[in-house]
Structure formats: structure tokens, C-alpha cells
Amino acid sequence: MELRAEGVSRRYFRQSKLSNVFFAVKETNFALPAGKLTEITGRSGSGKSTLLHMLAGLLAPTTGRVLLGDTDLYALDDAERSKLRNEHIGVIPQGQTALRSLTVLENVKLPCLMYGDEVSDEIPMSLLERVGIAALRDAYPNELSGGELRRLAIARALLRRPRVLLADEPTSNLDDENTHAVLRLLRQCADEGAAVLLVTHEREAAEYADRVLYMSDGVLSAE
Amino acid sequence: MEKKINVTDIALLVLSAALLIGVLTVFAPCGPKEDGGWMTCHWAGNATAGVAAVLTVLALVRLLMRDAKIRLGLSAAMIPAALLAALIPGRIIRLCMMPSMRCRAVMSPAVAVCAVLIIAAAGVDILMRRKKG
Amino acid sequence: MKFEKDLSVKNLKRKPARTAALVILSAFLSFSIFGGSLVVMSLQNGLKSYEARLGADIIVVPNQARSHGTVDSILLQGIPGYFYMDESYFEKISVREGVEIASPQFFLASASAGCCSVAVQIIGFDPETDFSIQPWIRESYGGAVGDGDLIVGSSIEIPANRKLVFYNNSYNVVAQLDETGTGLDTAVYANMSTIREMLESSTKQGFRYYDGDPARAISSVMIKVGDGYGIEDVANDINVHVRKVEATQAKSMISSIAGGLTNVSRVIGVLVVVIWILALAILMVAFVMISNERTKEFAVLRVVGASEKMLKRLLRTESIIISGVGALCGAAAAALVVFPFGGLVKRSLDLPYLLPDAGVTAALLFGSVALSVLAGSLTSAASARRLVKNDTGLILREDA
């Protein structure tokens, strides 16, 4: 299933004497095809993350629509949109995003637990093995390193086998070995049929991507 | 084997010691009669102090014992002992006639409160240990 | 719902210090309102029962009564006292206009009550005319109080052989009265001839309570005023026309207690309000501080697919657990103070103090806990709105 953005833009208001309106993302048409890994690069503040959050259904665009297949994300109410994100969109946010009160295994199971869906240990454990932290299943997030936490976030995003995977700087602050391991994982997901978006400013990522786009001052262009 | 000292360990020791020291000082029973003789509440206070001393020793031994099962057993032993302490003033040994007298207004309720808290702390300790298995 | 509950419990367990602090703060709410209202209700209850037990409109005592204790201190605090006058005064008083029923009473302090060094108040009444003590006795004892029989107040410990010794004479305890929360609970009751016998024995043992003829001694006269007569007028009439006695209206004895009760209730009320304001303010600040710390956690839940409703439920569950556990702990702590230490409260306030019955207490407990949980969870609601409506995108960017 394809994720499309039709004429989306995002405007922020800020208190400045020169101009109090500023566009984080200018009107953009963008499609994320299934089975492909799309990379967006650009300097920080260029609007990459804003675009990703709009695609994820977390941030309503000022104009335009975001479509998952035929469904307009922002035409749904909050509960429906949340459920849709839970089931079909895997998001790997920036930074460390594990819940501190849950163990590693519980964190990975979170998307299922949240909607009361039964989940055995089998699938989450295989995901933890795939990201290489199966031994830490009963550890709490405060015992994990930055790289391990990032891998945990990836395993969590993959639990529901989402059709769309949105990764925001998944390799920042990771060493070379971890960076490549994470990128390989995202590549695998694309090969298995998911529409994958990778937002990064790391050079190494390009070799894993099917397509690289460049974002500057809220404008998206082919590099 | 456990080395950690948790809240219930400290609570049991502090409460037992408070009962022992309290019944000898702050909430001691009535003083001697004008003719110098003691009333029965004095002996009730002494008996309670004896049981409180036993409770304090049990709580101290608990802290020294590293074995979780021994600690569990000692917690269980403290419950009937604390119950005994609560029953001594008024039930097992008679107190004075007037409710306004020290032994009935101060000692008996204070002993009861300490005993209830010791039983509660020991109960919580046992429950927590059983949960951990 | 199960998820929200599980996660709440885990969140609370992972932060034991924070949870304990919030629980203790919430406990103050139910502790103060349950404890405070229980004490105030016990005082009101005590006043009511004192009023009921007094039973008379006017109480007449000899002028010199104040030197050996007053009617107030005997009836209210149970401090033993005695004062006597000759029976002839009773005759003079009972014939005054407006006096419908007059009944003499006789107060004697025991020298020693066998077990303890304190003296016990012994109150004698005349079974023929008495209208204030006998109705009360009938509530717990059907038989007549014969010579040598004793009725004891609810606070007196009855010995195993049901005998009490006063001035070397042994008497049978035939019944125990219901609790009144006043000094009457620590008194012993007997009919006139029994108590005069005690007075005679005491005189033989060298105690000199009364210089006159013990067989003609009385301590006070309880008066019921007839319909159509003003109580104040009758009291004034006695004070003017019968010398060496003092007639006091029962109403004025009650009203001085009611005044004390109002003062104590007001102090308790102010304390409860201050504790509530402080505790709720601190709770609110704490929840705001915690919510700042938790914005990230909630953004993560949003990312994974939690709806706003779920987040609200999660916060509500947490705050209900905190305030619920706190309310129960607070109420339990209040119960551990108010119930066992009732005697101490009564002794230090010098006011009649009678705990409400189990039904009222249970209702009070339920109401206090419910109110505390409601107030506690409302304080968290203010910060919850902000937490739930936060812009997830912005929060996740902040640490980039």
C-alpha cells in the first residue's frame, strides 16, 4: 500500500517582528511506494521531521491531504487515526523512546498490548533476535545503551508488520557497526514489501536507498 | 540470600522498639497508688514490655539473617506476638476502672496501634515475599 | 482498559518514591476530613446524649457546693464530688409553684474502688420520685434497683464476682448502663437507702463528709417544671425564696458545653480546610511537574498508536489509584487515632464525647474516601489536559 501526500504544507506561527508566519514544509506532493526504501536528506531544520510527522498522522497539515491507500488520514477522528497508525504505520521516532516502566520485551509488545490484542512471546522475541538484543528481554530501558534503545524502537515499530515504516534519524549517535545494522534492517523491510521512509543526514544511508530526495527550507526535490 | 534491607525490615524494627520504649516511658501505665502499691495496669505494662522486648529481638534477628525463608518465618512469628501484646492491656491483664486513667486513655490504645502496625508490616512483608516466590 | 490499568500500575511501581509521596499527600485529605468529622460528630453526639441524660429542667444544689466539686464537673467529667444539705430543703423546694416533679439525688465519692487509687462517683436516687436516671436504667435493666444493688456506668470495669466494695461494704452489680460519653459513664448508681448506708459506714471509718444527720442528707434536687410555667421563673423563684440553695437551669449547663463544642468544631474545621488547601495545592504542583517530565512518554504512546482518550484514561487510572490508595491509608490512619484514643480526646477536651454508631461511621468513611478520591483526581485533571493535547511532533523533535 502506498502512502501519498497531496499538496501538504505546514505553517507555524512564531513571535517575530519580521514575519510571524513561517513554513516548515511548503506545499509538497510526495509518494512513498510499497517495497521501496525512500531516503530524505537535508540539514536540520529543513522540515524533514515535520513532513514525517504529517505522514505518520501525528501532525495535521495546514493544507493538503495524506492518503494511506484510499484513506485520508486527517479525515478520520483521533481514535480512528490512532488505531490506523497502530496497525499500519510503524514509526521510529528520534531519540530514545522506550517506556521506562516496561521491560524490553513489554516495550516491543506495546503496540499489541495497547489495543488488548493477544500476543505470544514468539514474534516479539524473533524481532529482538533480529535486532540483536534478545538477551536483554527482561531488562529495563535504563539498563540499555543508546544503540540498543534504538534497536528496541525498531523492533517495536515492526511488531505489527506495518505497511509503512517511517524512520526519523534512526542512526544518529550510533557507531558504524550499529548504523549499518539498522540500515540493513530497514532495507530488509522494504524488500519484504513495506513502504519505507528514512529521514537522515548521514551519507552512508544512500547506498541502501532506492531513491534519495533532498529537503531544503521546506521544499522537497530530487537530489 | 538477600542483602538488601527494605522498608518493612526497618518498619518492623522501629515499631517493635517504639512499643518497647513507649510502654516504659511515653505511654507507660498509671503510677503507684498513694499508699505506694501498684495497680494491675502496672503489671500489664510490664508484661507488654516483655513481649515488646521479644518482638524487638525478633526484628533484630531478622535483619541479621540473610536467608529469605528465615526472614519470612520471623515475620510470621511476629504476628501472634504482636497480637499478644495488643491483648495484654485490658484483656489478659485487667486495667484500671476509669477510662480517663492513663492506662486506659493512653497506654492501651498506643499499644494497640503499635501492634496493629507491626501486624500490618509483617503481613505486607509476607505478601511481598510470597509474590516474589 | 486492561492495558491502561496494567501500565498505570507499572508506572507507579517503577517510581516508588514519587508514588509514595503522592499517596501520602492524598492520604492527608481523607485523614483530615474523616478524622475531623468523626471528632466533631462525636462531640455533637455527646452533647445530645448529655442533654438526654440530664433529663431535668432545673438542678438545685446547696450554696456551698462549689467547694467540693460542682454538678458540672460530676456529671460532665466524672470528677467525684460531694455536697450535702438537709432533707428539709427538698420539702421546701418541692412545694414551690411550678414544680411538677422534684426528686432528690445523693452524691458520694468513694475513697477507693478496690482496684485503683481513684475515687468513683456514687450517685443515689429516690426510686419513688426519680425521673432522670431510671428511664435510662430501664434501657438496659428491667428489674428494680433494690437495697444493696448497684448499677454501673458503661466505663466501669465489672469485677468477675460482680461485687464492688465501698467503705468495707460489698454490693452487687446488677446492671451496666449504655454509654453516654459523659462523666455519668464512670459513676455508680444506687438507691437512697443503699447510699446512705455507705455514708454511715464512711463516717464510722472516720471520713467526715457531712456534719448533719446522714439519714436526712441529700445532695441535689432535680426538678421538672409543670406545663404553663417558665423554667427561668421557677428557678428564680427558688433562688429568691429558698435560702442557702442555688437553682441552675439545665439549659444553661448545656449551652456552656454547646459553646465549647462550637469552638472546638470551628478549630477542627479551619484545620481541615487548611490541610485540604495545602495538600491539593502541593498535589497540583506535583502533577504539573510530573507532567512536564512525562511529555516524552506520552508522545511515544501517541506514536505507537494511543488515542487521546487512551492517554486520558491512563492518567485518570493513575490518579485514581494514587488518590484511592492514599484515601484508604489516610482513613485507616485516622481510624487508628480517633477510635483507640477516644478516651484521651475526651479527657483533653473536657466535653461529652460519644462516637457515632457503626452505620453513621461507615457512611462518614465512605463519604470521606469518595470526596478525597474525587478531589485528588481532579487536581491531576488540570495537568492531564495539557499532557494529552501536546503536539507530539514538537516533543519528539525537542531532543534532536
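Residues numbered from 1 in each chain as written. Chains lettered and ligands numbered in written order. Predicted model: local features only at pLDDT ≥ 70, side-chain atom pairs only at ≥ 80, totals over all residues.

1. Some words on the overall build of chain A
Phase 1 of the analysis: For chain A, the count of helices and strands is six helices and ten strands.
Phase 2 of the analysis: Its C-alpha atoms give chain A a radius of gyration of 17 Å, near enough to 17 Å, the size a compact globule of 223 residues would have.
Phase 3 of the analysis: Considering only C-alpha atoms, chain A reaches an extent of 55 × 40 × 35 Å along its principal axes.
Phase 4 of the analysis: Relative to its 223 residues, chain A shows a buried fraction of 48%.
Phase 5 of the analysis: Considering only contacts within chain A whose residues lie at least 6 apart along the sequence, 70% involve residues at least 24 apart. (Helix = DSSP H or I, 4+ residues; strand = E, 2+ residues; numbered from the N terminus. Rg over C-alpha atoms; globule rule 2.2 N^0.38 Å. Buried ≥ 20, exposed ≤ 12 C-beta atoms within 10 Å, placed from the backbone. Contact = placed C-beta atoms within 7 Å.)

2. Considerations on the sheet that holds strand S8 (residues 187-191) of chain C
Residue and element names in this part refer to chain C.
Phase 1 of the analysis: Overall, mixed pairing links the nine strands, which are arranged S6-S7-S5-S8-S4-S3-S10-S1-S11 in an open sheet. One side of each edge strand has no neighbouring strand; the edge strands of this open sheet are strand S6 (163-166) and strand S11 (245-249). The mean inter-strand angle of the sheet, taken between neighbouring strand axes irrespective of direction, is 30 degrees.
Phase 2 of the analysis: Summarising the sheet, strand S5 (residues 149-152) and S8 pair through two bridges and their orientation is antiparallel. (Pairing = 2+ DSSP bridges. Axes fitted to C-alpha atoms, helices over the stretch in contact; angles between N-to-C directions.)

3. Focus on the domain arrangement of chain C
Phase 1 of the analysis: Entries for chain C in the domain assignment read domain 1 (2-49 + 257-398) and domain 2 (64-243).
Phase 2 of the analysis: Domain 1 of chain C and domain 2 of chain C are separated by 49 Å when their C-alpha centres are compared. (Domains from an automatic or database assignment.)

4. As for the arrangement of the chains
Phase 1 of the analysis: The top pair by number of contacts, from a total of two pairs of chains in contact, is chains A and C.
Phase 2 of the analysis: Taking C-alpha atoms as the reference, chain A and chain B come no closer than 15 Å and do not contact one another.

5. Remarks on the sheet that holds strand S8 (residues 195-199) of chain A
Residue and element names in this part refer to chain A.
Phase 1 of the analysis: Pairing within the open sheet is mixed, and its six strands lie in the order S6-S7-S8-S3-S9-S10. Looking at the sheet topology across the chains shown, the edges are occupied by strand S6 (89-92) and strand S10 (219-222). Ignoring strand direction, the axes of neighbouring strands in this sheet form an average angle of 20 degrees.
Phase 2 of the analysis: Taken together, the four bridges between S6 and strand S7 (residues 164-168) define a ladder with parallel strand orientation. When the bridges of S7 are listed, Gly-90 appears paired with Leu-165.

6. Some details on the interface of chain A and chain C
Phase 1 of the analysis: With 28 residues of chain A at the interface, the matching set in chain C holds 21 residues.
Phase 2 of the analysis: Element by element, the count of residues in the side of chain A that touches chain C is highest for helix H2 (residues 78-88) of chain A, at six residues.
Phase 3 of the analysis: Along the lines of polarity and charge, the residues of the side of chain A that touches chain C split into eleven nonpolar, eleven polar and six charged. (Nonpolar A, V, L, I, M, F, W, Y, C, P; charged D, E, K, R; others polar.)

7. Quick look at the pairing of S6 of chain C
Residue and element names in this part refer to chain C.
Phase 1 of the analysis: Where burial is concerned, the two faces of S6 differ: the one with Leu-164 and Phe-166 is buried and the one with Lys-163 and Val-165 is not.
Phase 2 of the analysis: With four bridges joining them, S6 and strand S7 (residues 169-176) adopt antiparallel strand pairing. Within S7, the position partnered with Phe-166 by the bridge is Asn-169.

8. Considerations on the packing of helix H2 (residues 40-64) of chain B against helix H4 (residues 102-132) of chain B
Two quantities define a packed helix pair, namely the angle between the axes and the distance from one axis to the other.
Residue and element names in this part refer to chain B.
Phase 1 of the analysis: The geometry of H2 relative to H4 is characterised by a closest axis approach of 12 Å and an angle of 20 degrees between their N-to-C directions. Regarding the angle of H2 to H4, the classification is roughly parallel. Of the two possible hands of crossing, H2 and H4 adopt the one that is left-handed. Contact residues: H2 offers Cys-41, Ala-44, Gly-45, Thr-48 and Leu-55, while H4 offers Cys-103, Met-107, Val-111 and Ile-118. (Parallel < 35°, antiparallel > 145°, perpendicular 65-115°, else oblique. Left-handed = near helix turned anticlockwise from the far one by under 90°.)

9. Some details on the interface of chain B and chain C
Phase 1 of the analysis: With 18 residues of chain B at the contact, the number on the chain C side is 17 residues.
Phase 2 of the analysis: Among the elements that line the side of chain B that touches chain C, the one with the most residues is H4 of chain B, at seven residues.
Phase 3 of the analysis: Across the side of chain B that touches chain C, the residue classes tally to twelve nonpolar, two polar and four charged.

10. Side note on the pairing of S7 of chain C
Residue and element names in this part refer to chain C.
Phase 1 of the analysis: Relative to S7, S5 is paired through four bridges, and the arrangement is parallel. When the bridges of S7 are listed, Leu-150 appears paired with Val-173.
Phase 2 of the analysis: Joining the antiparallel neighbours S6 and S7 is a turn of two residues, in which Tyr-167 adopts a positive phi near 50 degrees.

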